[in-house]
Amino acid sequence: MKLNKQLKTILPLAALAGLAVTANAAVIITPTGATSSVGNLSGRPIGATIDGSGLSGGGTSGNILTETHNVATGSEYWIGAGTTDITLDFDLNDVANVDTFDVDSIHLWNYAPSNNTTNRGLGVVDIYFSTDNGSNYTLVPATVTFAEATTNVAATVQSKSFATVSGVTDIRLIADNSGSGTHTSFSEIRFGVVPEPSTTALLGLGGLALILRRRK
């Protein structure tokens, strides 16, 4: 059976559209809530780590991973009274009207000290995942280590990838700092997710529709 001219054009373009979506599948999301197991110090709440404050583009640039975070001043970062086994919980519910995600990476801007208060940044971190809105958490396993930021230099993002964990609603970090004997701190955090297949398909179809419209 012979294919008409338009169909001959559609098939290779459809394949290319699908490849483009697959190759650029990762999406960076911002948690909708954050809590810590230790008290916040000096008006520097854990919520400051997910609100974009201190980021060079406010967390709204075309690629947040290229943004830097200010040296620690004001209330643009979190600082807690504790040094080991600190629990940090992040809620992913209702991010862009979605409640569960396939998570494959963590992106952190560490504490960037302005003076000699070094080693407060996150160091070794165990990452746990919940698929039931925080009722239960499982280490899958995902243990990462973050480097301390340089004194008086804006912090750049540190990205760590791990095997994809599906259906995640909440993420828990059990963290130690980088060696300080008093406090733990970091500036901003995000997570990388893989879109659902249905989302990928819709993106592919949308691109295909645009191609056909241009050919008319």
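See above for the structure.
Residues numbered from 1 in each chain as written. Predicted model: local features only at pLDDT ≥ 70, side-chain atom pairs only at ≥ 80, totals over all residues. Heavy atoms only, no water.

### Overview of the overall build of the chain
Rules: Runs of H or I in DSSP of at least four residues are treated as helices and runs of E of at least two as strands, each being numbered from the N terminus. Buried means the residue's accessible area, taken with a 1.4 Å probe over protein chains only, is under 20% of the maximum for its type, while exposed means over 50%, and partly exposed covers the values in between. Here a residue-residue contact requires only that any non-hydrogen atoms of the pair lie within 4.5 Å. In this description, accessible areas are obtained by the Shrake-Rupley approach with a 1.4 Å probe, and a residue is regarded as covered only by the protein chains that are shown.
Assigned secondary structure in the chain consists of 2 helices and 10 strands. Across the 216 residues in the chain, those meeting the buried criterion constitute 41%. The contacts in the chain between residues at least 6 apart in sequence include a share of 81% that link residues at least 24 apart. Surface summary for the chain: the accessible area is close to 10,800 Å², and the carbon and sulfur share equals 54%.

### Quick notes on the sheet that holds strand E7 (residues 138-145)
Defined as follows: When DSSP finds at least two bridges between two strands, those strands are taken to pair. Lines fitted to the C-alpha atoms define the axes, with helices restricted to the stretch that makes contact. Angles between their N-to-C directions range from 0 to 180 degrees.
Spatial strand order, E2-E4-E9-E6-E7: 5 strands in an open sheet with antiparallel pairing. The open sheet terminates on both sides in strands that have one partner only, identified here as strand E2 (33-36) and E7. Between one strand and the next, the sheet's axes are offset by a mean angle of 20°, whatever the strand orientation. As paired elements, E2 and strand E4 (residues 86-91) share 4 bridges and run antiparallel to each other. Looking at the pairing, Ser 36 lines up with Leu 88 of E4.

### Digging into the nonpolar core
Where we set the bar: Nonpolar cores are built from buried Ala, Val, Leu, Ile, Met, Phe, Trp, Tyr and Cys residues. Side-chain atoms within 4.5 Å join them into one set.
Residues Leu 88, Val 103 and Ile 127 are the most contacted members of the largest nonpolar core, which totals 32 residues. Within the residue set of this core, elements represented by two or more residues are E4, strand E5 (101-110), strand E6 (122-130), E7, strand E8 (157-168), strand E9 (170-177) and strand E10 (184-194). Residues contacting Val 103, with those up to four places away along its chain left out, are Leu 92, Phe 129, Phe 162, Ala 163, Thr 164, Val 165, Val 168, Ile 171, Phe 191, Gly 192 and Val 193.

### A closer look at the environment of Gly 54
Among the secondary structure elements, Gly 54 is positioned in the loop between E2 and strand E3 (78-80). Judged by relative accessible area, Gly 54 falls into the buried class, the value being 9%. Separated by 17 residues in sequence, Gly 54 and Val 71 place their C-alpha atoms 8.3 Å apart. Those residues in contact with Gly 54 that lie beyond four places of it in its chain are Thr 68, His 69, Asn 70 and Glu 76.

### Comments concerning the pattern of salt bridges
Heads up, the rule is: Salt bridge, as used here: a side-chain nitrogen of Lys or Arg that lies within 4 Å of a carboxyl oxygen of Asp or Glu.
Under the criterion given, the structure shown has 2 salt bridges. Here Arg 172 ties to Asp 89 by a salt bridge, and the two come within 2.7 Å at their closest N and O atoms. Placement of the pair is Arg 172 in strand E9 and Asp 89 in strand E4, with a sequence separation of 83 residues. Note that Glu 188 and Arg 190 form a salt bridge whose closest N and O atoms lie 3.0 Å from each other.

### Structural notes on the side chain of Ser 187
Inclusion rule: Within 3.5 Å is the distance limit for a polar contact, defined as a pair of N or O atoms, with the added protein rule that one can donate a hydrogen and the other accept it, and that residues adjacent in sequence qualify only through two side-chain atoms.
Looking at where Ser 187 falls in the secondary structure, it is placed in strand E10. In this structure the side chain of Ser 187 is engaged in a polar contact, spanning 3.1 Å, whose partner is the backbone oxygen of Asn 110. With sequence-adjacent residues up to four places away left out, Ser 187 is seen in contact with Ala 48, Thr 49, His 69, Glu 76, Tyr 77, Trp 109, Asn 110, Tyr 111 and Ala 112.

### Section: the side chain of Arg 190
Looking at where Arg 190 falls in the secondary structure, it is placed in strand E10. A distance of 2.8 Å separates a polar atom in the side chain of Arg 190 from a polar atom in the side chain of Thr 30. In contact with Arg 190, not counting residues within four places along its chain, are Ile 28, Ile 29, Thr 30, Thr 49, Ile 50, Asp 51, Gly 52, Leu 55, Ile 64, Ile 106, His 107 and Trp 109.

### Things to note about unusual backbone geometry
With phi around 55°, Ser 42 is a residue other than glycine that occupies positive phi space. Structurally, Ser 42 can be placed in the loop between E2 and E3. Look at Asp 94: it is not a glycine, yet its phi comes out positive at around 65°. For Asp 94, a relative accessible area of 49% corresponds to the partly exposed category.

### A few points about the environment of Ser 75
Within the secondary structure layout, Ser 75 lies in the loop between E2 and E3. Residues Ser 75 and Leu 41 lie 34 residues apart in sequence; the distance between their C-alpha atoms is 9.9 Å.

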